[in-house]
Amino acid sequence: MVVNSLVFLLFFIVVFVVYYTPVIKQSATRQNIWLLLASYFFYGFVDWKMLPILFVVTVLFYWLGAQIKKEMDKNEKGKASCYMKSGVVIGIGLLLYFKYLNFFAESVAEMFKQLGVGVSWSTLNIVLPVGVSFFTFKLISYLIEIKRKKTQPAENLLEFATYISFFPTISSGPIDRPNTFLTQLRTNHCLVYDKAVDGCQQILWGIFTKVVVADNLATVTSQAWNDYQSMSSSFLILAILLSPIQVYADFDGYTNMAIGVSKILGFDVTKNFNHPLLARNVSEYWNRWHMSLTSWITDYVFTPLCLRFRDMANIGIMLAITANLVIIGLWHGANWTYAVFGIFHSILFIPIVYSGKLGKNKKLKEGKYGLPLFKDFIKMIQTYILVGIGQVIFFAKDTYSAFDYIKHLFTGPWHFECPIKLSIIVFILLLFVLEWTSRKKEYALQIHEKYKDRQIWKLFVIDYIILAIIIKFGCVEDSQFIYFQF
């Protein structure tokens, strides 16, 4: 069940109606029970066999959190650390088993094969639970935050289970921290008109970027990734140029829909993107891209490593950055391409670190006619192209294919071709323009509170236009989101 499907719409209508019925909305507990049932139905709709796994780890980590708090209250920090480390090991083990066991088996068999030793080790064909990378990070952060005294344990199992399985975000994030979400579960939610309208607007914008921009561009980029050897150099270059906007429109599209649905239900979830297409270097890009993941890795990996390597100056910072980005890469799945993707991006950090500009990005300023300054515009283009090259590594079947793709950029035939419609090109340009003009907003269609009454008629006109574009140009066959697989 994907968010941009008719099935999800029917599902959400039922959830919405029951959630706000007078009997249910009077109690936070009743609303949480209904949300938990809806979330487990949503999760089980994909594969009901995975529900026991989700339930078992939820109960286990709830118990571990309670034990950590109990030992901390007794000032038994050593025992609390043992419980926390046990949970972290279990969480990482969960990821290793479901996401990487087949990969390790294949890699070991290939290594022995290269050494001339025949090893018959068939892979286990382990089914990957939906959203395992997302809810596992929630589970781990819950224990760490309790140990660090940054959050209180959930008041009951119902509250914790609802936090872990919250259906708008369980499959592809954002990754909410416990201290920002658990407190929202402790009050009953009434329908707030302005917030619900804002949520609907965000959902509409997410559908537009997904089905009009991302899905139309996917027909081009998927050809390049899957059959690059038969494509011309110009086609391969075009795929590199289209890939960053396609991936962003797809993932940000899902995020906007998830946040919009959450708003309608009365919840504020973590912001995941901050206009990454406007980034002027790779450091700024990662500060704007998939922020709930990058901030998670930064807090629990990068910062501790920086403290450990603090005596090594810039070399220590680069080691921490490389570890950070390789982990982010491998978080996506079991393929050496993801590790190389992380290394590639870490190399792009070298001039930033050694120039002393890490974390010192200046605010974007407008030049003439409300456009970005020329020097900033050039930096945006450079960063965008580098990100596009990184996408070649990310989407390649293996590392050989990634480098072979780059080779074909220079050795393949050259002839101009434009496989996308003019209308889609216009929508891409529109998206770039809106990225700039709405850079201070949460999303492009958002209207500032003080202008809402005066611009409500404009809102309806824009909405009808967007709907017409979606119906006319959108690929509406319930296509999957790219990050659904992670």
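One structure accompanies this document, and this report is about it. Note that the coordinates shown come from a computational prediction; the quantities given were computed from them, not determined experimentally. (Residues numbered from 1 in each chain as written. Predicted model: local features only at pLDDT ≥ 70, side-chain atom pairs only at ≥ 80, totals over all residues. Heavy atoms only, no water.)

1. Looking at the overall build of the protein chain
Helices and strands together make up the secondary structure of the protein chain, namely 19 helices and zero strands. Counting every position in the protein chain, which comprises 486 residues, the buried fraction comes to 54%. Considering only residue pairs separated by 6 or more positions, the protein chain has 78% of its internal contacts joining residues 24 or more positions apart. Accessible area of the protein chain: about 23400 Å², with a carbon and sulfur share of 66%. (Helix = DSSP H or I, 4+ residues; strand = E, 2+ residues; numbered from the N terminus. Buried < 20%, exposed > 50% of the residue type's maximum accessible area, 1.4 Å probe, protein only. Contact = heavy atoms within 4.5 Å. Areas by Shrake-Rupley, 256 points an atom, 1.4 Å probe, with all protein chains shown as cover.)

2. Notes on the pattern of salt bridges
A full pass over the atoms with the stated rule returns 14 salt bridges. As a salt-bridge pair, R177 and D299 come within 3.0 Å of each other at their nearest N and O atoms. A residue pair is termed long-range when its members are at least 10 positions apart, and R177 in the loop between α7 (157-165) and α8 (178-181) and D299 in helix α12 (residues 291-308) qualify at 122 residues. For R177, a relative accessible area of 13% translates into the label buried. Exposure remark for D299: the relative accessible area of 31% places this residue in the partly exposed category. Through salt bridges with shared partners, a single network forms among R280, E284, R288 and D376. (Salt bridge = Lys/Arg side-chain N within 4 Å of Asp/Glu carboxyl O.)

3. Some words on a positive patch on the surface
A grouping of K357, K362, K365, K375 and K379 is seen on the molecular surface, where their side chains present a positively charged patch. With respect to the secondary-structure elements, K362 resides in the loop between α15 (350-354) and α16 (374-395). Residue classification places K362 among the exposed positions, given a relative accessible area of 69%. (Patch = residues over 30% accessible without salt bridge, like charges linked within 9 Å, V, L, I, M, F, W, Y side chains within 5 Å. Lys, Arg positive; Asp, Glu negative; His and termini not counted. Charge placed at Lys NZ, Arg CZ, Asp CG, Glu CD.)

4. Examining helix α10 (residues 233-264)
The terminal C-alpha atoms of α10 lie 46 Å apart, and with 32 residues this matches the ideal 46 Å at 1.5 Å per residue to within 8%. At L242, α10 is bent by approximately 40°, the largest bend along its length, and proline P244 sits one to four residues beyond. With 30 of 32 residues buried, α10 lies mostly within the body of the structure. Of the residues flanking the end of α10, it is G266, one or two places downstream, whose phi is positive at about 95°. (Expected span 1.5 Å × (residues − 1). Bend = angle between axes of the 7 residues up to and from the residue.)

5. A few points about the nonpolar core
What tends to happen in soluble globular proteins is that the nonpolar side chains get buried as a cluster. Formed by 135 residues in total, the largest nonpolar core has its most connected members in F135, F167, F208, I245, W286 and Y405. Looking at this core, the element that brings in the most residues is α10, giving 17 residues. Among residues more than four places away in sequence, those in contact with F135 are Y43, L54, V57, L94, V130, I164 and I170. (Core = buried A, V, L, I, M, F, W, Y, C linked by side-chain atoms within 4.5 Å.)

6. Section: α16
Residues spaced three or four apart along an α-helix point in a common direction, a consequence of the helix completing one turn every 3.6 residues. In this model α16 runs 32 Å from its N-terminal to its C-terminal C-alpha over 22 residues, within 8% of the 32 Å that 1.5 Å per residue would give. Taken together, the buried positions of α16 are occupied by D376, M380, T383, Y384, V387, G388, G390, Q391, V392, I393 and F394. Considering only its buried residues, α16 is in contact with α9 (193-226), α10, α11 (282-288), α14 (336-348), α17 (399-411) and α18 (422-437).

7. Looking at a nonpolar patch on the surface
Together, I237, L241, F374, F377, I378, I381, I385 and W414 make up a nonpolar patch on the protein surface, roughly 760 Å² of accessible area in all. Elements supplying a minimum of two residues to the nonpolar patch: α10 and α16. Looking at the nonpolar patch element by element, the count peaks at five residues for α16. Structurally, the position occupied by I381 is in helix α16.

8. A word on the side chain of Q202
Among the secondary structure elements, Q202 is positioned in helix α9. Overall, Q202 belongs to the buried group, its relative accessible area being 0%. Within the structure, Q202 has its side chain in polar contact with the side chain of E442 (distance 3.4 Å). Setting aside anything within four residues of it in sequence, one finds Q202 in contact with N256, M257, I259, G260, K263, E442 and Y443. (Polar contact = N/O pair within 3.5 Å; in protein donor to acceptor, adjacent residues only side chain to side chain.)

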